[in-house]
Amino acid sequence: MPKILKPYTIIPLDLYVQRDADRQVRNIINDMGRPGYVLVSRQMGKTNLLLNAKRNLENELTVFVYVDLSNAYFDARSCFENIVNTAVDSNLVKFEKAAKIIGENRSAYKDLPPHKQYTNELRILLQQLDGGKLVIILDEIDALTKTTYSDQIFSQIRSSYFAERVNYKEFYQLTYLLSGVVEPNEIIKDSKISPFNIGQKIYLNDFSRAEFEKFLQLAHLNLSISCIDRIYFWTNGNPRMTWDLCSEVENQVKLNDLTVEMLDKIAVEMYLTSYDKPPIDNIRELVKNDKDIRSALIQIYEGAGSKISSKIKSKLYLAGITNYTDNDVVIKNEIIRRSLSLDWIKSLEKDEKGLLVQAMDYYEKANYSEALNAFYEYLEHDDFPENSRDICYYYLAYLEYSESNFKLALKHVETAEFDEEDVPKFYFASLTLRGLIMKGLTDFEECEKDWKYVIDNSRKDENFLRAYTNLANLYMSTLTERVDEAILMYNNLVDNKFELSKRVSEEDRKYYRCISFYQLAVIFKDKEELAKAMECISSSLELATENSKPALLFLMAEIADSDSTKLEILDSILAIIATSGIDNSEPTLDRPMGIDEIQLMDILVEIYKVSKEAFETRVKQFSKTNKEKDFIALYFEVALQAYNKSDSWQVGIKILNDLNDIINTESYQVDFELHYEVLKSLAYVNNYKESNDIPLKYVELFRRSADKIVELRDLSIFADLIHSYTEKQLYEKALGYVEFIKSQRNNVPAEQIGNYLLIEHLELNIYSYTNERQKALYQARHIIDLIDSMEFPHQKSLLGETGLDIIRENAESVIRPRTVIRKPFTKAKIYGRNDRVKVRYQDGSVVEVKFKKVEHDINSGACFILNEL
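Predicted model, so just to flag it, every value in this text is computed and none were measured.

## Examining the overall build of the protein chain
Part 1 of the reasoning: Counting its secondary structure elements, the protein chain contains 41 helices and eight strands.
Part 2 of the reasoning: Across the 869 residues in the protein chain, those meeting the buried criterion constitute 50%.
Part 3 of the reasoning: Across the protein chain, contacts joining residues at least 24 apart in sequence account for 65% of those joining residues at least 6 apart.
Part 4 of the reasoning: Of the accessible surface of the protein chain, which amounts to about 43,100 Å², a share of 48% is contributed by carbon and sulfur atoms.

## Details of unusual backbone geometry
Part 1 of the reasoning: With an omega dihedral of 0°, the bond running from Pro-278 to Pro-279 counts as a cis peptide bond.
Part 2 of the reasoning: On the secondary structure map, Pro-279 appears in the loop between helix 12 (260-271) and helix 13 (280-288).
Part 3 of the reasoning: Positive phi, normally seen in glycine, also occurs at Met-32, with a value near 60°.
Part 4 of the reasoning: Here Met-32 shows up in the loop between helix 1 (20-31) and strand 1 (36-39).
Part 5 of the reasoning: The phi dihedral of Ser-404 is positive, around 65°, even though this residue is not glycine.
Part 6 of the reasoning: On the secondary structure map, Ser-404 appears in the loop between helix 20 (389-402) and helix 21 (406-415).
Part 7 of the reasoning: On the basis of relative accessible area, Ser-404 is assigned to the partly exposed category, the value being 48%.

## A look at the pairing of strand 3 (residues 133-139)
Part 1 of the reasoning: Strand 3 sits mainly inside the fold: six of its seven residues count as buried.
Part 2 of the reasoning: Pairing geometry for strand 3 and strand 4 (residues 174-180), over five bridges, is parallel. Bridged to Leu-138 within strand 4 is Leu-178.

## Some remarks on the pattern of salt bridges
Part 1 of the reasoning: Scanning the model with the defined rule gives 45 salt bridges in all.
Part 2 of the reasoning: A salt bridge links Glu-370 to Lys-346, with the shortest nitrogen-to-oxygen separation between them at 2.1 Å. With Glu-370 in helix 19 (residues 368-379) and Lys-346 in helix 17 (residues 342-353), this pair connects stretches of sequence that are 24 residues apart. For the pair Glu-370 and Lys-346, a shared accessibility class is recorded, and that class is buried.
Part 3 of the reasoning: Linked by salt bridges that have partners in common, Glu-414, Arg-434, Glu-446, Lys-449 and Asp-450 make up one network.

## Quick look at helix 19
Part 1 of the reasoning: If you check helix 19, its first and last C-alpha atoms are 17 Å apart, about what twelve residues at 1.5 Å a residue would give, namely 16 Å.
Part 2 of the reasoning: For helix 19, every residue scored as buried is listed here: Tyr-368, Glu-370, Ala-371, Leu-372, Ala-374, Phe-375 and Tyr-378.

## A word on the nonpolar core
Part 1 of the reasoning: Formed by 164 residues in total, the largest nonpolar core has its most connected members in Phe-375, Tyr-394, Leu-604, Ile-607, Phe-615, Ile-655 and Tyr-698.
Part 2 of the reasoning: Per-element accounting of this core gives the leading share, eleven residues, to helix 26 (residues 506-526).
Part 3 of the reasoning: Apart from the residues within four sequence positions on either side, Phe-375 is in contact with Leu-356, Ala-359, Met-360, Phe-384, Cys-392, Tyr-395, Leu-396 and Leu-399.
Part 4 of the reasoning: By size, the runner-up hydrophobic cluster in this structure holds 113 residues, among which are Leu-15, Ile-28, Ala-76 and Phe-80.

What counts, and at which threshold
- Residues numbered from 1 in each chain as written.
- Predicted model: local features only at pLDDT ≥ 70, side-chain atom pairs only at ≥ 80, totals over all residues.
- Heavy atoms only, no water.
- Helix = DSSP H or I, 4+ residues; strand = E, 2+ residues; numbered from the N terminus.
- Buried < 20%, exposed > 50% of the residue type's maximum accessible area, 1.4 Å probe, protein only.
- Contact = heavy atoms within 4.5 Å.
- Areas by Shrake-Rupley, 256 points an atom, 1.4 Å probe, with all protein chains shown as cover.
- Pairing = 2+ DSSP bridges.
- Salt bridge = Lys/Arg side-chain N within 4 Å of Asp/Glu carboxyl O.
- Expected span 1.5 Å × (residues − 1).
- Core = buried A, V, L, I, M, F, W, Y, C linked by side-chain atoms within 4.5 Å.

Next comes the structure, spelled out in structure tokens:
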């Protein structure tokens, strides 16, 4: 078969795919009212768009002139003359008489201003067309903007649509098509000249899926659905990448033999190895040299793309990184995303700033996880500078505490050697932090000692307030037998019993009184003194900032005496969030109030408990104002939040089932990945012994998701399916699922590979039930080999504490048959951190607590779970 996708500079007509931009160009030429302006990044097909318009629309009544402005001209006159010369040279028959007149005029009127000469020459050309149209295409205008005379050129083009049309009717026959990588408002540089704001923007976006498939049809590429999906996965319709990738497919393989794996290899070798192929090379160079673009990309990776300014959105579009939309900003395809990885962007930032400055910068912006990484990366090469050593270790301690790494935090805070007399502010701040760390390590005596020292010896400043409120919280929430002391301490703060330092701002004074009222409300709520609790919340609300009010109102909703009152309060929280937004920054240690995204989900869960209809109405309303999440995505997040909490997991399952009903019965356009996650979650949490509808739909989507990472939930669902079909004696179906999930083994993270033993064991069971002795024997030996060769680190496991031993015993019983009853084993219960469990310690004591409280003791063997709650 002859090669079709050759390296053309001008795309042949039989391979050209019409896009929306082609329709826009046609309309502009038909209307002749405004100049068209093709705004697009490099290598997106803008030149071919313009030339295709010339090829398709030029006729006896319409003359096109194409001028490449990337060639430099000495001055405005020479640029104007080149446009006219190109028009004459490319249309010699039509403009033979005009050429003679223009030549004579140039000789006779050498002192005529350039713009006036250009106007006269255009009139001569237009008069020769007998009412026909003249379309002047000016390509690469961004090159022209770098000259000293560019304002003269663009001002004259602008004038063609105003003064020239008023004075000379033939100018209604003239229009321009401009193209370049520059915004129209940046074309005219002199602020005293009217801006170039008359152009009609033409956005040349990537191929839609339909346009992409049309291209494959024109190129005679008869590919499988999976291969078509995979090319679109990599390029998302980028014309240059789509052409080059498909051209390479033509070069390397026979189309009938092409696989998804081969496509992946081609894409990686072409674009993600040396990064030197267009347009990736140009995009990476732009990112290297533009801090604004780098900052915007970090925002996108952090899920804050909708907050990027219009100016920066335009930069991203013109760099070829995003498509133009009015909604959230996302990187346009997988190749570009991988070539601009977050790690690579951060490495550029480090090279530019220096690690220590960047670490401090992250810390100041409350981006704690990034600050922590930057501090440690700095320490790999050098110790902290002498003049900032102590403060850096204090910051490290603070950051490790925020990650609940208490031992490391203690090490760092004790390395920071502040002198009490020289730097009392930081001395007492570090001692207050040490108290928090000791509380995390459950050394309450040491914790109390640290805070009491700060309270007794520091100035009555913010360090005093932090230590004082933290000590009160210790008495209230941990040493609960001293809760009356906590009440006394909080009352001292709300009654202004202390003469605080003048350095304590009025804002901080109000905040600590506010939080004291809040904590008193929590205490009285737990004591079931609800009237007192409500009184304290009301006092706290009078002192609260807008950001603090939602947390207070949420507490008020929890003690509301009716569903209608509760719903009214929860609605008022949503109204505040809708106005001021939510705070997704990492929380500070001693300022717990405020509503983040997780707490927003809790609010919506509470609304669901009151009324499903009210919940769905609020989710729809909230999603309309939230560009980052649509109705279905927000609904799903609420379901997960509910399921992951020990007191509402059953509500979470109900919400998931309701969401699945909506997806199945209503006309929502649901993103594939989101639909997949919904089905996976449902298949994992529900018991579908009677009907396999949900897991089968999940499996269908799983098969369509090439290179999906196989996680614990996937293995659990397949294990349930295999076990279910085995129980029903549908052994062939069960083995089909065994074979499929085993084929995905390469996509399993190393720490989860041990869970595959459960699948291997279920396969062994099937061979035993079907009396296939040789297969059972082979499978049993295979299992023993796997167990002997694997390491089993502490992890969430389907095997549980005894599962591995049971699987080994059963495999050995097949190899060496004995008269024993084989132990049944499917999978172990997986506990969430907030699930309640009953455990027995080695001293015989039994306690019932949340799993997270005893997870360490279970893993170390100090206790074991008695039963499943």
